[in-house]
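Results of the structural survey
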Amino acid sequence: MKIGCPTEIKPQEFRVGLTPEAAQEIVSRGHEVLIQAGAGNGSGFPDADYMAAGARILPDAKAVFDQADMIVKVKEPQAPERAMLRKGQILFTYLHLAPDPDQTRDLLASGVTAIAYETVTDARGGLPLLAPMSEVAGRLAPQMGAWTLQKANGGSGVLIGGVPGVRPANVLVVGGGVVGTAAARVAVGMGANVTVLDRSIPRLSYLDDVFMGRLTTQYATKGAIAELLPSADMVIGAVLVPGAAAPKLVTRAQLSLLKPGSALVDVAIDQGGCFETSRPTTHQDPVYAVDGIMHYCVANMPGAVPQTSTRALGNATLPFVLALAGKGWRQALRDDAHLRAGLSTHEGVLTSGPVAEALGLD
Ligand code: NAD
């Protein structure tokens, strides 16, 4: 099979669908890998690395889309990319179709067989192609919060780990899933005094076991959050209610409970945010103040560290890419119900129930 990987064209997207290591694995199984010239530059992979891996470099996106049997990307195809897709071709990438009727219409019109990373499942009920990005965002959250707390950036001027004789920062992590656990790990490592709140007792038990007394767990009620806010230096929002907008867990009125210059890091901003005063920001202009409280609300946090994010995503997608290339999409989906859960459109038919429901198409 010919597997094509174009340069991402969504603004501020520096990741790439295939690493040179992935290209080498694919080539070693007898397939052809076609990389658009410069596609890996943003992630630190020059064309030469892909050539050394046995891939062919093509001059532009059109050549990749024209020649490839399967396109492997990162972000949902943008309008000019959608115009190049065709029936009989496989598209494997993040799609997020539910809020995007234009993209859904274009994919259906193209006839492409589109498989969405974000709806591929695993045996434990998780989302294995979303989890690596949650790991990245979670580990970044205390780092960005620490930067936000610096005086010159508008923060209170507290050092996360303190120093001998001076207390460390108090960090609240609301939501103890993939993002929250990763955030807690880094915050603990930085020497913070960490409390994780969640509504799931099994999650709290897990965290209690794994961290062995190095953090505090607390059941997430409105009262518990209100009680903890006055002593918090940083609050990391990491909740997810699948298929729903994030619940607002800190109101504007409650900002007055926090110390001036405290940092709110709203990782759940891509689901609308879990603080009432959150609005999406960008890597160029990541923080703003409301009532003296600093807000960091970047919606695509993994984009800040494309070298790590590209590798993490590539590790997770590679087995599926190999299955699709080796068996063809029909057999690969027949053999693997978890990959089948990713099928979104095929030859003009919308195959995702939740997307149809969200778009009012069923
Ligand atoms: P997850 O499902 O692994 O964890 C979510 C946790 O929130 C669960 O443990 C759940 O019990 C808990 N929860 C739900 N409602 C709660 C409530 N009211 N109070 C306390 N806890 C509650 O999800 P995840 O992968 O950790 O993702 C968390 C959020 O981060 C999602 O909104 C996701 O989209 C977002 N995210 C953002 C970025 C970014 O760049 N900004 C990147 C990756 C993920």
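Strand order in this open sheet of eight strands is β3-β2-β1-β4-β5-β6-β14-β15, and the pairing throughout is mixed. The outermost strands of the open sheet, each flanked by one partner alone, are β3 (56-58) and β15 (349-350). Bridging between strand β5 (residues 90-93) and strand β6 (residues 113-116) involves four bridges; their strand directions are parallel. Along β6, the bridge assignment pairs I90 with T113. With respect to the sheet, helix α10 (residues 306-335) is in contact with β1 (2-5), β4 (70-72), β5, β6 and β14 (343-346), its orientation differing from that of β5 by roughly 150°.

Contact geometry of helix α6 (residues 131-149) with helix α7 (residues 178-189) gives a least axis separation of 7 Å together with a crossing angle of 35°. Note that α6 runs across α7; the crossing there is right-handed. On α7, the residues touching A131, S134, E135, G138, R139, A141 and P142 of α6 are V178, V179, A182, A183, R185, V186 and A187. Taken together, the residues of the contact of α6 with α7 sort by class into nine nonpolar, two polar and three charged.

Here we take up the pattern of salt bridges. Summed over all chains, the structure comprises 15 salt bridges. Two residues, E8 and K73, come together in a salt bridge whose shortest N-O distance is 2.9 Å. Linking E8 in the loop between β1 and α1 (20-28) with K73 in the loop between β4 and α4 (79-82), this pair joins segments that are 65 residues apart in sequence. An identical accessibility class is assigned to E8 and K73; each is buried. Here R105 and D102 are joined by a salt bridge, their closest N and O atoms 3.4 Å apart.

Moving on, we come to the side chain of T181. Inspection of the secondary structure puts T181 in helix α7. Judged by relative accessible area, T181 falls into the buried class, the value being 7%. Side-chain polar atoms of T181 contact the side chain of R203, separated by 2.9 Å.

Of all hydrophobic cores here, the largest spans 39 residues; its most connected members are L18, I26, M70, F92, I115, L324 and L339. Among the elements of the structure, β1, α1, β2 (32-36), β4, β5, α6 and α10 are those that each provide at least two residues to this core. Per-element accounting of this core gives the leading share, eleven residues, to α10. Setting aside residues up to four positions removed in sequence, M70 forms contacts with M1, K2, I3, G4, I90, V321, L324 and A325. V173, A192, V287 and V298 belong to the second largest nonpolar core, which has 32 residues in total.

Moving on to the domain arrangement of the protein. For the protein, the assigned domains are domain 1 (2-120 + 306-358) and domain 2 (131-304). Computed from C-alpha coordinates alone, the two centres of domain 1 and domain 2 are separated by 33 Å. Facing nine residues of domain 1, the contacting portion of domain 2 comprises eight residues. Here domain 1 and domain 2 share an interface that buries about 710 Å² over both sides, 55% of which is from carbon and sulfur atoms. The tally of links from domain 1 across to domain 2 stands at zero salt bridges. For the interface between domain 1 and domain 2, the tally reads two residue pairs in polar contact (both at pLDDT 80 or more). Looking at side-chain class alone, the side of domain 1 that touches domain 2 contains six nonpolar, two polar and one charged residues.

What follows deals with the packing of α1 against α10. As a packed pair, α1 and α10 sit with axes 10 Å apart at the nearest point and diverge in direction by 15°. As the angle between them shows, α1 and α10 are arranged roughly parallel. Of the two possible hands of crossing, α1 and α10 adopt the one that is right-handed. Of the residues in α10, those in contact with E21, A22, E25 and I26 of α1 are R311, L318, V321 and L322. A per-class count over the contact of α1 with α10 returns five nonpolar, no polar and three charged.

Parameters and conventions
Residues numbered from 1 in each chain as written. Predicted model: local features only at pLDDT ≥ 70, side-chain atom pairs only at ≥ 80, totals over all residues. Heavy atoms only, no water. Pairing = 2+ DSSP bridges. Helix = DSSP H or I, 4+ residues; strand = E, 2+ residues; numbered from the N terminus. Contact = heavy atoms within 4.5 Å. Axes fitted to C-alpha atoms, helices over the stretch in contact; angles between N-to-C directions. Left-handed = near helix turned anticlockwise from the far one by under 90°. Nonpolar A, V, L, I, M, F, W, Y, C, P; charged D, E, K, R; others polar. Salt bridge = Lys/Arg side-chain N within 4 Å of Asp/Glu carboxyl O. Buried < 20%, exposed > 50% of the residue type's maximum accessible area, 1.4 Å probe, protein only. Polar contact = N/O pair within 3.5 Å; in protein donor to acceptor, adjacent residues only side chain to side chain. Core = buried A, V, L, I, M, F, W, Y, C linked by side-chain atoms within 4.5 Å. Domains from an automatic or database assignment. Buried area = accessible area lost by both parts, 1.4 Å probe. Parallel < 35°, antiparallel > 145°, perpendicular 65-115°, else oblique.

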